[in-house]
Amino acid sequence: MKDATSELTILVRDYAQGRLPFWAFHHSFIEGFVRLPERAMGWARWNRVYQLVLISAPDPVSEADQASGVIGESTLKARLAELTVGHR
């Protein structure tokens, strides 16, 4: 199952390093995650990343959107860093 998560790992790394714009990352990550088998290594962590990606939008996020649970790109990157430290 390592191969199933390798694509996601590369996407997150490339996005965090500024090599992918927000929407390219957003669409590619969702597309890759929905193909990920539940028995894949680290599935629970990838599910959490998926949840964050789903509620994210490019900065700046309006106060109204924030009130409804939308997080901005900078918050997404910070949370991705917290979830992926030590996981390669």
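Predicted, not measured: the structure shown is a model, and the values here were computed from it.

A short note on the overall build of the chain
- The secondary structure content of the chain amounts to five helices and two strands.
- If you list the helices and strands of the chain from N to C, you get α-α-α-β-α-β-α.
- Computed over C-alpha atoms, the radius of gyration of the chain comes to 13 Å, within 12% of the 12 Å expected from 2.2 N^0.38 for 88 residues, which places it in the range of a compact globule.
- Taking the principal axes of the C-alpha coordinates as reference, the chain spans close to 40 × 25 × 25 Å.
- Taken across its 88 residues, the chain has 33% of its residues classed as buried.
- By sequence separation, contacts in the chain at least 24 residues apart represent 53% of the contacts at least 6 residues apart.
- With an accessible surface of roughly 5400 Å², the chain has 54% of that area assigned to carbon and sulfur atoms.
- Averaging the positions of the 10 positive and the 10 negative side-chain charges in the chain gives two centres separated by 9 Å.

Criteria and cut-off values
Residues numbered from 1 in each chain as written. Predicted model: local features only at pLDDT ≥ 70, side-chain atom pairs only at ≥ 80, totals over all residues. Heavy atoms only, no water. Helix = DSSP H or I, 4+ residues; strand = E, 2+ residues; numbered from the N terminus. Rg over C-alpha atoms; globule rule 2.2 N^0.38 Å. Buried < 20%, exposed > 50% of the residue type's maximum accessible area, 1.4 Å probe, protein only. Contact = heavy atoms within 4.5 Å. Areas by Shrake-Rupley, 256 points an atom, 1.4 Å probe, with all protein chains shown as cover. Lys, Arg positive; Asp, Glu negative; His and termini not counted. Charge placed at Lys NZ, Arg CZ, Asp CG, Glu CD.

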